[in-house]
Amino acid sequence: LREEIDNGATRTSVWEMRDPMATYLAAIYLGDFERVEESGPNGEPIRYYFPPDLDAGKRKAFARVPEMMAFYADLLGAPYPFAVYGGIVVPAQLGYAMENQTMNLFGLDSANELTVAHELMHEWFGNNVSLSDWQDIWLNEGFAYYLPMMWVESLGVLDADDMALSQWRMLEDRDSVGPATVPQDELFGASVYVRGGLTLHALRKTVGDDAFREILREYYRRYAGGNATTADFIAVANEVSGQDLTGFFDAWLYQEELPPLPGN
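Residues numbered from 1 in each chain as written. Predicted model: local features only at pLDDT ≥ 70, side-chain atom pairs only at ≥ 80, totals over all residues. Heavy atoms only, no water.

Chemist: Give me unusual backbone geometry: which residues, what numbers.
Modeler: At T102, a position not held by glycine, the phi torsion is positive, near 70°. Within the element layout of this structure, T102 appears in the loop between β6 (97-98) and β7 (104-106). T102 sits in the buried class, given a relative accessible area of 11%. (Helix = DSSP H or I, 4+ residues; strand = E, 2+ residues; numbered from the N terminus. Buried < 20%, exposed > 50% of the residue type's maximum accessible area, 1.4 Å probe, protein only.)

Okay, structure coming up:
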């Protein structure tokens, strides 16, 4: 937010996006909102826009955002990638949330802590490292599905192995296709989100925590501020782990049959 001009009967707000941005991440929301401000772990301005009558429980969903930012920064070896952050809650049941760059969107039904963690993660993966083709959408959604699970795990609330196994069992009971081969009308379905996220968990269990963290860090370092493909991520994973993971990724990303979870 660069400037707010009082014109008397109207007000003009001037906004600027200084960083590269995929066009689908731009949006304008107009309405009666209360602005709440705080700071991130590195002093980043954070602005929330809430309906004036939003209940305290939904406001509380945003209370841990600075902690989330610090956790993701430590996990990826890179601070929050933009100059500002924020979120807007619209007074409607949307059925979804959206990772609009630096100002995430939430409906009344999606203003909860886990969804906030999901959309915030997109600022790293999806917004700052953007996909090259919609067929690679799992690189956005799988990452934003699994890395918040690691955030929850870090709180000592749930175990990532238990969460992954319950999600795997859910997929086992329904049709699933490789996240990198989904048809156009399933680009935002369970295969992309859940199986995409499980691919990362299976990778973590295969290469170990230290190598997994280094894969994430190197992939982000190499493609931050630009575009990446599934092949790019696989190449980084092979290089950093020192293993040939071609068969692993083929099974998880390209084959219809759901692979077993390592260790189960």
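Chemist: So what's going on with the pairing of strand β2 (residues 11-14)? Which residues, and what values?
Modeler: Note that strand β1 (residues 3-6) and β2 share 4 bridges and pair antiparallel. In the strand pairing of β2, E4 is matched with S13. The turn joining β1 and β2, which pair antiparallel and follow one another in sequence, is formed by 4 residues; a positive phi near 95° is taken by G8. (Pairing = 2+ DSSP bridges.)

Chemist: Could you give me a rundown of the sheet that holds β6, with the residues and numbers involved?
Modeler: Taken together, 5 strands build an open sheet; the order of strands is β3-β4-β5-β7-β6 and the sheet is mixed. Of all the strands in the sheet, just β3 (34-39) and β6 have a single pairing partner and so form its edges. Sheet topology note: the strand β4 (residues 45-50)/strand β5 (residues 85-89) ladder contains 4 bridges and is parallel. Pairing of Y48 across the sheet is with G87, part of β5. Relative to β7, helix α3 (residues 113-122) is tilted by about 155°, and along the sheet it contacts β5, β6 and β7. (Contact = heavy atoms within 4.5 Å. Axes fitted to C-alpha atoms, helices over the stretch in contact; angles between N-to-C directions.)

Chemist: How would you sum up the packing of aromatic side chains? Please name residues and give values.
Modeler: All chains considered together, the criterion is met by 25 aromatic pairs. Look at F125 and F143: their rings are 4.7 Å apart centre to centre, the planes differ by 55°, and that puts the pair in the tilted class. A residue pair is termed long-range when its members are at least 10 positions apart, and F125 in the loop between α3 and β8 (129-131) and F143 in helix α4 (residues 138-154) qualify at 18 residues. Both residues of the pair, F125 and F143, count as buried. (Phe/Tyr/Trp six-rings, centres within 6.5 Å; stacked < 30°, edge-to-face > 60°.)

Chemist: Explain the environment of Y29 residue by residue, including any values.
Modeler: As for its position among the elements, Y29 is in the loop between β2 and β3. For Y29, a relative accessible area of 29% puts it in the partly exposed group. Each C-alpha atom of the pair Y29 and Y96 lies 15 Å from the other, and the pair is 67 residues apart in sequence. Residue contacts for Y29: discarding those within four places in its chain leaves I88, N100 and L105. Here the side chain of Y29 touches N100 through a polar contact of 2.7 Å, side chain to side chain. (Polar contact = N/O pair within 3.5 Å; in protein donor to acceptor, adjacent residues only side chain to side chain.)

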